[in-house]
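Chain and residue survey
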Amino acid sequence: MEGFLVKDNPLLLPLNKEKTVYDGFISVQERDFRLRIELPADRKLTGARLHCCWQLKHLLRGFEHVVKQRLRRSADLIAFILELKTILEVNLKQLPEFCSVPQPQYYSQLIDEMETLGWSKLLFIDADFRTLKLKAEDSSGREHGLTVKLKSKHPTEAPECSANLPVPLVISWTPQSTLELLYNQFLLVLESLTKFWDVLDEIDNKTWILEPEKPSRSDTMRRIAIGTNVSIRVELDPRHPEMLPECCLLGAEHVVTPLRNKLNANMHLWNPDFSVFHNLRDVLEIEFPSPATHEKSSFSVECGICYAYRLEDAIPDQVCNDPRCGQPFHQACLYEWLRGLPSSRQSFSLLFGECPYCTKPITVKVAAQKS
């Protein structure tokens, strides 16, 4: 045979007149892989040798013995190529990470793009040269990271991008796009959020933050200590951080009620030209305890049931309303405690019972059932 086609594969052509050396391609999952088959003088497959391009070798890693077995047992070269194609397709379905190996030009393209962008912006690149982590600074000097997962057909296919942001990261991409263009889009997103992070940084620096324990750049909530067992949870809008945030006062009712009344009465005084910290202080008519004048231990009162402050991600936020007690509890701990008392009763989503410390009436929301 001078040459042959196998199911839309390019021709395998003999390279010598004895027809013992064939060269060509095998097509798998819309990718072409170069291979060469050398036959012995008698042209029998039992003594044949298969030479593969590096991409094909990578895909066949761990399955060499199967390929050799098929090579020895196939009736002819066409039958072997069909067997090889089937093996590759089956293995690729089981090993999706090998389903598409980049062409050599992928790597040269990547290097050229990094040269233009600047290697100093690269924090990390994995061994497959597919996942990159880039660093960037906003106008306030905060450092941010951008993770880019490139596709094997880069730049034809859009990469997957992720970053620690309070809003979805939306990147425009065309086949002509580059890492530099992508990076510049990321810088624009950072600038649009600079005011939001400025607001939170001021709150973090001037108050005691109870939750989250270690705020990230994607967090929009802060629970700020006001006093022992009293706090306010604020939820900021990343797009309009200077506006009045969602506020929820937490603590014993006799302490929270006056603060709630002040918040409602002074809400109209909120001035978007002032910082959120300044506005909260004026609207509530209080001075927040600051790290410069107070220890966090003053506000980190342990749960009166489990004797721990942090239970997984929760802190004690259920407080006895009796002014002489004021003991805090984790919601889950108080729920389990009251549920075990024969005297407690439930009405809709509330469980009524007695405080474990002072036996005064106390309520807790029914814990959500874990699936």
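Located above this text is the structure these notes cover.
A few points on the structure. (Residues numbered from 1 in each chain as written. Predicted model: local features only at pLDDT ≥ 70, side-chain atom pairs only at ≥ 80, totals over all residues. Heavy atoms only, no water.)

To continue, consider unusual backbone geometry. Pro155 follows His154 through a cis peptide bond whose omega is 5°. One can find Pro155 in the loop between strand 7 (143–149) and strand 8 (160–163). Backbone torsion omega between Glu211 and Pro212 reads -10°, so that peptide bond is classified as cis. Along the chain, Pro212 turns up in the loop between strand 9 (209–211) and strand 10 (221–227). Phi is positive for Asn229, which is not a glycine, with a value near 65°. With phi around 55°, Phe348 is a residue other than glycine that occupies positive phi space. Mapped onto the secondary structure, Phe348 falls in the loop between strand 15 (345–347) and strand 16 (350–354). (Helix = DSSP H or I, 4+ residues; strand = E, 2+ residues; numbered from the N terminus.)

Turning our eyes to something else, we now look at the pattern of salt bridges. Applying the stated rule across the entire model yields 14 salt bridges. The salt bridge partner of Asp23 is Arg36, with a shortest N-O separation of 3.3 Å. Of this pair, Asp23 sits in strand 2 (residues 21–28) while Arg36 is found in strand 3 (residues 31–38), placing the two residues 13 residues apart along the sequence. Judged by its relative accessible area of 12%, Asp23 is buried. (Salt bridge = Lys/Arg side-chain N within 4 Å of Asp/Glu carboxyl O. Buried < 20%, exposed > 50% of the residue type's maximum accessible area, 1.4 Å probe, protein only.)

Moving on, we get to empty space enclosed by the protein. One pass over the full model with this rule turns up 1 cavity of 30 Å³ or more. If you add up the space inside the largest cavity, you get close to 100 Å³. Around the largest cavity, the lining comprises 13 residues; the ones closest to its centre are Leu210, Arg223, Asn229, Phe299 and Pro316. Among the elements of the structure, strand 10 and strand 11 (230–235) are those that each provide at least two residues to the lining of the largest cavity. (1 Å grid on protein atoms, 1.4 Å probe; cavity = no way out; pocket = protein on both sides within 12 Å on 5 of 7 lines; lining within 4 Å. Points joined across faces, edges and corners; volume = space filled by probe spheres on them.)

Bringing helix 7 (residues 253–266) into the picture now. Taking 1.5 Å of rise per residue, 14 residues should cover 20 Å, and helix 7 covers 20 Å from first to last C-alpha, within 8% of that figure. At its buried positions, helix 7 is contacted by strand 10, strand 11, strand 12 (246–250) and helix 8 (276–284). (Expected span 1.5 Å × (residues − 1). Contact = heavy atoms within 4.5 Å.)

Let us look at the nonpolar core. Residues Leu165, Leu179, Ile224, Ile226, Ile232, Leu280 and Phe288 are the most contacted members of the largest nonpolar core, which totals 45 residues. No other element matches the 6 residues that helix 5 (residues 179–192) contributes to this core. Here Leu179 is in contact with Leu110, Glu113, Met114, Leu117, Leu132, Val148 and Leu150, once residues within four sequence places are set aside. If you look at the next biggest cluster of nonpolar residues, it comprises 22 residues, including Leu45, Leu56, Leu77 and Phe80. (Core = buried A, V, L, I, M, F, W, Y, C linked by side-chain atoms within 4.5 Å.)

A sheet is described by the order of its strands in space; here 3 strands give the open sequence 15-16-17, paired in antiparallel fashion. With one partner strand each, in any of the chains shown, strand 15 and strand 17 (361–365) form the two edges of the open sheet. Strand after strand, the sheet turns through a mean of 30° between neighbouring axes, direction not considered. Note: strand 16 against strand 17, 5 bridges, orientation antiparallel. Directly across from Leu351, in strand 17, lies its bridge partner Val364. The sheet contacts of helix 9 (residues 331–339) involve strand 16 and strand 17, and relative to strand 17 the element is tilted by about 115°. (Pairing = 2+ DSSP bridges. Axes fitted to C-alpha atoms, helices over the stretch in contact; angles between N-to-C directions.)

Within the fold, Leu15 resides in the loop between strand 1 (13–14) and strand 2. The exposure class of Leu15 is partly exposed, given its relative accessible area of 49%. Taking the C-alpha atoms as reference, Leu15 lies 9.9 Å from Glu38; in sequence the two are 23 residues apart. When sequence neighbours within four positions are dropped, the list of residues in contact with Leu15 reads Val21, Asp23 and Arg36.

Take the packing of aromatic side chains next. According to the stated counting rule, one finds 5 aromatic pairs in the structure shown. Measuring from centroid to centroid gives 6.0 Å for Tyr107 and Phe129, while their planes differ by 85°, and the two rings are edge-to-face. Residue Tyr107 is found in helix 4 (residues 104–117), and its partner Phe129 is found in the loop between strand 5 (122–125) and strand 6 (131–137); the two are separated by 22 residues along the sequence. When the ring of Phe329 is compared with that of Tyr357, the centres are 6.2 Å apart and the planes differ by 65°; the resulting orientation is edge-to-face. Of the two residues, Phe329 sits in strand 14 (residues 328–329) while Tyr357 sits in the loop between strand 16 and strand 17, which places them 28 residues apart along the sequence. Since its relative accessible area comes to 0%, Phe329 is described here as buried. On the basis of relative accessibility, which here comes to 42%, the residue Tyr357 falls in the partly exposed class. These aromatic residues form a ring-pair network of at least three members: Tyr106, Tyr107 and Phe129. In this structure, Arg345 is placed above the aromatic ring of Phe352, and the distance from its NZ or CZ to the ring centre is 4.5 Å. (Phe/Tyr/Trp six-rings, centres within 6.5 Å; stacked < 30°, edge-to-face > 60°. Lys NZ or Arg CZ within 6 Å of the ring centre and 35° of its normal.)

The analysis is restricted to geometry; functional conclusions fall outside its scope.
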